[in-house]
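Listed below are the residues making up each chain.
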Amino acid sequence: MKLSWQSSLTVSSHFLHGMLHFIRTRHGEDAAAQALASAAIPQSLLTQPDARLTRQQYVALYRTVAATLDDEMLGLWSRPIRTGTLKYLMLSLLDAPTVLVALNRFVRFWNLLLDDYRLQISTKSNLVRLALAERTPGTPVTPLGHELMMKLIHGIASWLLGREISLHRIEFSFARPRHAEDYAFLYPGEVHFNASMTSIFFAYQDCAELFKREKHELWAFLKRAPEDWTFSAFHPGSITAKTREYLEQNITLSATIQDLAQALHTSVRTLNRRFSEEGTHFQLVKDGLRRDIAVHRLTNSNTGVATLAFDLGFSDATGFCRAFKHWTGSSPTDYRKGTRQGE
């Protein structure tokens, strides 16, 4: 089962706990357990701080939680965002002449709904900035709410243009989280933390572009939600993305950073500098890819552990099992058993 590095991406259990929080508090543990079961997520993942969700599990859990709460923002804001809100928001954007006009409508729409924050849009130095400003000083920050709002803005703007829009930068008003490595694939641009306001910055030239989208295209976008606006990010200039793409093609060879430098026609020193700029390093990216592929195959196939170890470039199953437990907190066999619960 060969996967592209993008389709094999997994995300931190931070998203699992964040999505379940309000189901638990409002409907109890039984409802949370039902949501997990509907998304084929084993209960055992709840006790593993380094567990990962596959793309399919994330999408299924989001849909179940949104339907259960009747809230397309999963209870993360003080006022529910009722089912159907995204549909009518998107319909209001279709006849906008440019992305910038659509973003202005997006801001006005959300400011009718949000009590916690006010969205602000501004243009300066050839950049368009959308920011979440507190309506009342000291408003508690829910990181997942901020993460999803920034993903929604970026995902909608990209869908309107029919191509991925690179971000100039994105700033979050909370400290760098434990799952920050996931941001390299969720937000295609520079990511900063501890900012005064959570903000996303686009190049003005992208926002000034004309677009043409039809209703039948919108129905497909909505049917797949939240997949397209959550997992669409691919920053072509990111060394992390280029590295995962190269390694995916050479995964059984246990490629080194020297091999990568040769393939990209650059030096190891330059690679290390670029990895540092993105807050990562070669081995972390390599381990992330191997972890994600392993999680997918343990969840979705019957591939033996020894075969999987070989396929991922390990010299033996023991080394793979040790690495997998370091990545996720459990052995490959236990992880697979957990994903098969309730089948």
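See the structure printed just above.
Heads up: these notes are all about the structure in this document. (Residues numbered from 1 in each chain as written. Predicted model: local features only at pLDDT ≥ 70, side-chain atom pairs only at ≥ 80, totals over all residues. Heavy atoms only, no water.)

1. Quick word on the packing of helix α4 (residues 85–93) against helix α6 (residues 143–161)
In the contact formed by α4 and α6, the axes pass within 12 Å of each other and the chain directions differ by 45°. Classed by the angle they form, the pair α4 and α6 counts as oblique. As for the relative orientation of α4 and α6, their crossing is right-handed in sense. Counting all contacts with α4, which are made through L86, L89, M90 and L93, the residues of α6 involved are L152, I156, W159 and L160. The class makeup of the residues in the contact of α4 with α6 is 8 nonpolar, no polar and no charged. (Axes fitted to C-alpha atoms, helices over the stretch in contact; angles between N-to-C directions. Helix = DSSP H or I, 4+ residues; strand = E, 2+ residues; numbered from the N terminus. Parallel < 35°, antiparallel > 145°, perpendicular 65-115°, else oblique. Left-handed = near helix turned anticlockwise from the far one by under 90°. Contact = heavy atoms within 4.5 Å. Nonpolar A, V, L, I, M, F, W, Y, C, P; charged D, E, K, R; others polar.)

2. Quick notes on the sheet that holds strand β3 (residues 117–124)
The mixed open sheet is built from 5 strands, whose spatial order is β3-β4-β7-β5-β6. Of all strands in the sheet, those bounded by a partner on one side alone are β3 and β6 (190–192). On average, adjacent strands in this sheet sit at an angle of 15° to one another, irrespective of strand direction. In this sheet, β6 lies alongside strand β5 (residues 169–171) in parallel orientation, the contact comprising 3 bridges. (Pairing = 2+ DSSP bridges.)

3. Describing helix α2 (residues 29–38)
For α2, every residue scored as buried is listed here: A31, A32, A35 and L36. Viewed along the axis of α2, the buried residues span an arc of 140°, placing them on a single side of the element. Exposed residues on α2 whose side chains face more than 90 degrees from its buried face are D30, Q34 and A37. Of the surrounding elements, those touching the buried residues of α2 are α1 (13–27) and α3 (55–69). In the stretch just after α2, A40 is the one whose phi turns positive, near 55°. (Buried < 20%, exposed > 50% of the residue type's maximum accessible area, 1.4 Å probe, protein only. Arc of directions from axis to C-beta.)

4. Remarks on the pattern of salt bridges
What the rule picks out here adds up to 18 salt bridges. Residue R82 pairs with D70 through a salt bridge whose shortest N-O separation is 3.7 Å. Remark: D70 occurs in the loop between α3 and α4 and R82 occurs in the loop between α3 and α4; sequence separation between them is 12 residues. By relative accessible area, R82 is classed as partly exposed at 44%. With relative accessibility at 30%, the residue D70 sits in the partly exposed group. One salt bridge connects R163 with E209, and the closest N-O pair in it is separated by 2.5 Å. (Salt bridge = Lys/Arg side-chain N within 4 Å of Asp/Glu carboxyl O.)

5. Re the packing of aromatic side chains
Counted under the stated rule, the structure contains 18 aromatic pairs. The rings of F172, F174, Y183, Y187 and F193 are connected pair by pair, giving a single aromatic cluster. One residue, R213, lies across the ring of W159, its end atom 4.3 Å from the ring centre. For the cation-ring pair, R290 lies above F314, with the distance from its terminal atom to the ring centre recorded as 4.1 Å. (Phe/Tyr/Trp six-rings, centres within 6.5 Å; stacked < 30°, edge-to-face > 60°. Lys NZ or Arg CZ within 6 Å of the ring centre and 35° of its normal.)

6. Here's the deal with the pairing of β3
Sheet topology note: the β3/strand β4 (residues 127–134) ladder contains 8 bridges and is antiparallel. Residue pairing across strands places L119 opposite L132, the latter belonging to β4. Counting the residues between successive antiparallel strands, the hairpin from β3 to β4 contains 2 residues, one of them, S125, with a positive phi of roughly 55°.

Honestly, it's all geometry; don't read function into it.
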